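What follows is each chain in one-letter form.
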Amino acid sequence: MKILVCIKHVPDMESRFRVNEAGNWYDERDLAFRLNEYDEFAVEQAVRVKEQLGGAADITILSIGPDRVIEAVKKGLAMGGDRGVHIKDDLVYQKDPWQVASVIAAFARDKNFDLVFTGMQSQDRGSAQIGAAAAELLDYACITTLVSFEISGDVVTARRELEGGMRGAVRFKLPAVVTCQLGLNTPRYPTLPNIMKAKQKELLTFPIADFLNVESLAETEKMYPPERKGRGLVLEGDVNELADKLASILKEKAPALR
Amino acid sequence: MDFEFSQDHKVLQSSVRDFVEKEVKPLAIQIDENHMIPDELVQKMSAMGLLGSYLPEAYGGAGLDILSYAIVVEEVSKACASSGVLISAHTSLACDPILQFGTEEQKKKFLPPLVTGEKIGCFLLTEPEAGSDVAGLATTYQKDGGHYVINGNKIFVTNGGYRGTGILFASMDRSLKHKGISAFIVDLGSEGVELLRNESKLGIRGSYTTAFAFSNLRVPAENLLGSEGQGFKIAMETLNGGRIGIAAQALGIAEGAFERALTYSKEREQFGHPISELQAIQFKLADMYTRIETSKLITYRSAWLKENKKPYAAESAMCKLHASETATYVTKEAIQIHGGYGYVTEYEVERMYRDAKITEIYEGTNEVQRLIISRALLS
């Protein structure tokens, strides 16, 4: 079983974001980066498949971006990936999802991966297009927003999270691209011995020019914070009044309480 | 000169940080109140590899470097100083002397159970009458055939409550002063070892600080660490390394308190503005952060010196001195920024203030650190 896991290195979402000088992305300076949360589910699921198969799987961890993304790749290796691939591009933030998916597909095309795992979206751009577009380019099945995953032979049964609190049950054959949603699994911590072992694992670097052969279809022209909608609401009154006011606001604003 | 962590150190830092955030932080108040770290957490920390960070893979360790160890202790101590010192005393004071001075047989026998957490390590040096004056040990030993027979008392034994593996120092002849001291690897579950008490303390209340009495404790001859009379040197060199662990612990405590103070100052509004807009608070934050950053640099540098087998005794004394004083200063100021809330348990900075103080005392008081530093300058 050959498995590819596509991951992204994204800023810690608790960071204070500033728009960059060109006005088309955030300023990366002074930001702490980490492995995209949804991609952690992807790595974890890939490692579980390998464990289920008694180790009879080979997991490649792929990330596109500047040198800092190697940290995310190494984390994937420490979680159980077998080899890392870094496609180097200092300006990846200027590439649109179509180009990124094309690069992944160009890398994967002749390598006969049975399964491609990725997060359902990145926490920074959040287009949720990469998995689906790469699947189309590779002519693989594509199943998105997975919250469960079971494999038997070359058949997968899985559940998808749908809007409105519904679930969908799906069955599909390999090869496939799947995108992972919160709730699929609890990612393991890379242990210290595994962080050490990851240092010895193969890590290949390629320039993006080796795989990029399409123009962008949609460029981000401008990035900006939305206008502030005023400050929070301060309720006043005694405890009973406060509770009533709060309950009515929650009923109005939070669909789950209706 | 490179002041940035390698990618591998960043992976380690973020992994340990995630672990601490989910597994340690939620328990910190409970650990302080119950005066113990739940066994389950100790097991999780060992499963994560935190108990064998820089021990070689041949003995079950992770095989990482000393800087990785400092990062581990720092990250854990940000949330819970008691858990931080468990790792620090275990690694620096029990595993390290076995690694540095032990025979191959001793390393193979004693290190793997320490890495897995089956045994928690501790260091038995201090006695009621021998603290900073190490050469004044009253615990004695005599050779008896294939054994050494040890009698005496030890106090302030961090991790002693686990009754695991201890490095015990005793004198063959008190008149020989430091030349008469030898070190032994002992099983604290053995016959002849009595656990007298677990001290109640100001801070690091989750950490066991125990007193032991030894009456005719028989230690097999092969458990002598180093050679007879080498004990004082083993103790001093072990403490040199241990100070890096304590500096990392102090640094973590300071950072944990600083993060809370910074967040609180931005959220707490008085006079219609966040208090972070007041210069009185801004200057506090600036001073706290400056001391933290200098502590960080000197601690990491000491770790680097030890890793690269360069002399580091004065540097480790300096990092322990500076980081511990930073910890007491920063935690005190963190309470001040929180005002009355800072005095309340729920806000956690009061615990950090209590936890910080010990870092100025153990593994050599800061007065002893100043002696070490000035002797290095003047000798």
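Residues numbered from 1 in each chain as written. Chains lettered and ligands numbered in written order. Predicted model: local features only at pLDDT ≥ 70, side-chain atom pairs only at ≥ 80, totals over all residues.

A.B. asks: Is there a simple way to explain the overall build of chain B in this structure?
C.D. replies: Within chain B one finds 11 helices and 10 strands. Expected size for 379 residues packed as a compact globule is a radius of gyration near 21 Å; at 21 Å, chain B falls within 12% of this value. If one aligns the C-alpha atoms of chain B with their principal axes, the spans along those axes are about 80 × 45 × 40 Å. Look at the contacts in chain B between residues 6 or more apart in sequence, and 73% of them connect residues 24 or more apart. (Helix = DSSP H or I, 4+ residues; strand = E, 2+ residues; numbered from the N terminus. Rg over C-alpha atoms; globule rule 2.2 N^0.38 Å. Contact = placed C-beta atoms within 7 Å.)

A.B. asks: In this structure, what is going on with the overall build of chain A? I would like to understand it.
C.D. replies: Secondary structure assignment for chain A yields 6 helices and 11 strands. The principal-axis extents of the C-alpha atoms in chain A amount to approximately 65 × 45 × 40 Å. Of the contacts made within chain A by residues no fewer than 6 positions apart, 71% connect residues no fewer than 24 positions apart.

A.B. asks: It is not clear to me how the interface of chain A and chain B should be interpreted in this structure. Could you clarify?
C.D. replies: The parts lose accessible area when they come together, and the size of an interface is often stated as this lost area. Each side of the interface is counted separately: chain A has 14 residues, and chain B has 17 residues. Only α2 (70–79) and α5 (192–199) of chain A provide two or more residues apiece to the side of chain A that touches chain B.

A.B. asks: What is the right way to look at the environment of I151 of chain A in this model?
C.D. replies: With respect to the helices and strands, I151 of chain A occurs in strand β7 (residues 141–152). Overall, the presence of 18 C-beta atoms within 10 Å leaves I151 of chain A in the partly exposed class. (Buried ≥ 20, exposed ≤ 12 C-beta atoms within 10 Å, placed from the backbone.)

A.B. asks: What am I meant to see in the sheet that holds strand β11 (residues 202–207) of chain A here?
C.D. replies: Two orientations exist for strands paired in a sheet by backbone hydrogen bonds: parallel and antiparallel. Residues and elements named next belong to chain A. Taken together, the 9 strands give an open sheet; going across it, the order is β9-β8-β7-β10-β6-β1-β4-β5-β11, and neighbouring strands pair in mixed fashion. For this open sheet the edge positions go to β9 (167–173) and β11, each flanked by a neighbour on one side alone. Averaged over all neighbouring strand pairs, the angle between strand axes comes to 35 degrees, with direction disregarded. Two strands pair when backbone bridges link them, and strand β6 (residues 115–119) and strand β10 (residues 176–180) are joined in this way by 5 bridges, in the parallel orientation. Bridge pairing in β10 places G119 opposite C180. (Pairing = 2+ DSSP bridges. Axes fitted to C-alpha atoms, helices over the stretch in contact; angles between N-to-C directions.)

A.B. asks: Explanation requested: the nonpolar core in the structure shown.
C.D. replies: Nonpolar side chains in soluble globular proteins tend to be buried together. By size, the foremost hydrophobic cluster in this structure holds 175 residues, and its most contacted members are V5, I104, V116 and A134 of chain A together with A70 and F184 of chain B. Broken down by element, this core gets its largest block of residues, 16 residues, from helix α7 (residues 231–267) of chain B. Excluding anything up to four places from it in sequence, A70 of chain B contacts I244, A248, T299, Y300 and A303 of chain B. (Core = buried A, V, L, I, M, F, W, Y, C linked by C-beta atoms within 7 Å.)

A.B. asks: Is there a simple way to think about the packing of α7 of chain B against helix α8 (residues 279–307) of chain B in this case?
C.D. replies: Two quantities define a packed helix pair, namely the angle between the axes and the distance from one axis to the other. All names here are of chain B. Between α7 and α8, whose axes approach to 9 Å, the crossing angle comes to 155 degrees. Between α7 and α8, the crossing angle belongs to the class labelled roughly antiparallel. Read as a crossing pair, α7 and α8 show a hand that is left-handed. On α8, the residues that touch G241, I244, A247, A248, L251, A254, E255, F258, L262 and S265 of α7 are I281, L285, M288, Y289, I292, S295, K296, T299, S302, A303 and K306. Partitioning the contact of α7 with α8 into residue classes produces 13 nonpolar, 5 polar and 3 charged. (Parallel < 35°, antiparallel > 145°, perpendicular 65-115°, else oblique. Left-handed = near helix turned anticlockwise from the far one by under 90°. Nonpolar A, V, L, I, M, F, W, Y, C, P; charged D, E, K, R; others polar.)

A.B. asks: So what exactly am I meant to see when it comes to the domain arrangement of chain B here?
C.D. replies: All names here are of chain B. Per the domain assignment, the segments of chain B are domain 1 (7–120), domain 2 (122–228) and domain 3 (232–378). Domain 1 and domain 2 are separated by 23 Å when their C-alpha centres are compared. Top element by residues in the side of domain 1 that touches domain 2 is helix α5 (residues 81–101). It accounts for 12 residues. Its residues placed into classes, the side of domain 1 that touches domain 2 shows 15 nonpolar, 6 polar and 2 charged. (Domains from an automatic or database assignment.)

A.B. asks: Looking at this model, I keep getting lost on the pairing of strand β1 (residues 2–7) of chain A. Mind explaining?
C.D. replies: Moving residue by residue along a regular strand, the side chains alternate between the two faces of the sheet. Residue and element names in this part refer to chain A. Within β1, 5 of the 6 residues are buried, which leaves the element mostly enclosed by the surrounding structure. Bridge analysis of β1 against strand β4 (residues 58–65) gives 6 bridges, and the strand direction is parallel. Of the residues in β4, the one forming a bridge with I3 is I59. By the bridge criterion, 4 bridges tie β1 to β6 in an arrangement that is parallel. Looking across to β6, one finds that I3 is bridged to L115.

A.B. asks: Even after reading the chapter, I still don't get the confidence of the model for chain B, so can you show me in this structure?
C.D. replies: Predicted coordinates in areas of low pLDDT are best not read in detail. Averaged over all residues, the pLDDT of chain B equals 96, while 100% of them reach at least 70. Predicted as a complex, the structure gets a pTM of 0.92 and an ipTM equal to 0.92. (pLDDT = per-residue confidence, 0-100.)

A.B. asks: For this particular structure, what's the right way to read helix α10 (residues 349–357) of chain B?
C.D. replies: Because each turn of an α-helix spans 3.6 residues, side chains separated by three or four positions end up pointing in the same direction. Residues and elements named next belong to chain B. Most of α10 is tucked away, with 7 of its 9 residues classed as buried. Looking at α10, one finds that the buried residues are V349, E350, R351, M352, Y353, D355 and A356. Lining the buried residues of α10 we find α2 (28–34), α5, α7 and α9 (313–338).

A.B. asks: Explanation requested: the packing of α7 of chain B against α9 of chain B in the structure shown.
C.D. replies: Residue and element names in this part refer to chain B. Interhelical geometry of α7 versus α9 gives an angle of 20 degrees and a closest axis separation of 8 Å. In terms of orientation, α7 and α9 fall into the roughly parallel class. The interaxial crossing formed by α7 with α9 has left-handed handedness. Of the residues assigned to the contact of α7 with α9, the class counts are 19 nonpolar, 8 polar and 3 charged.

A.B. asks: What is the right way to read unusual backbone geometry from this model?
C.D. replies: Note: most residues except glycine have negative phi, and most peptide bonds are trans. The residue after L174 of chain A, namely P175 of chain A, is reached through a cis peptide bond having omega 5 degrees. Topologically, P175 of chain A is positioned in the loop between β9 and β10. For N216 of chain B, which is not glycine, the phi torsion reads 50 degrees and is therefore positive. Considering the arrangement of structural elements, one finds N216 of chain B in strand β7 (residues 209–220).

A.B. asks: Would you explain the environment of G203 of chain B in this entry?
C.D. replies: Residue and element names in this part refer to chain B. Turning to its location among the elements, G203 is positioned in the loop between β6 (193–198) and β7. Put simply, G203 and F169 are 34 residues apart on the chain and 26 Å apart in space, counted from C-alpha to C-alpha. Not counting residues within four places of it along the chain, the set of residues in contact with G203 comprises R354, D355, K357 and I358.

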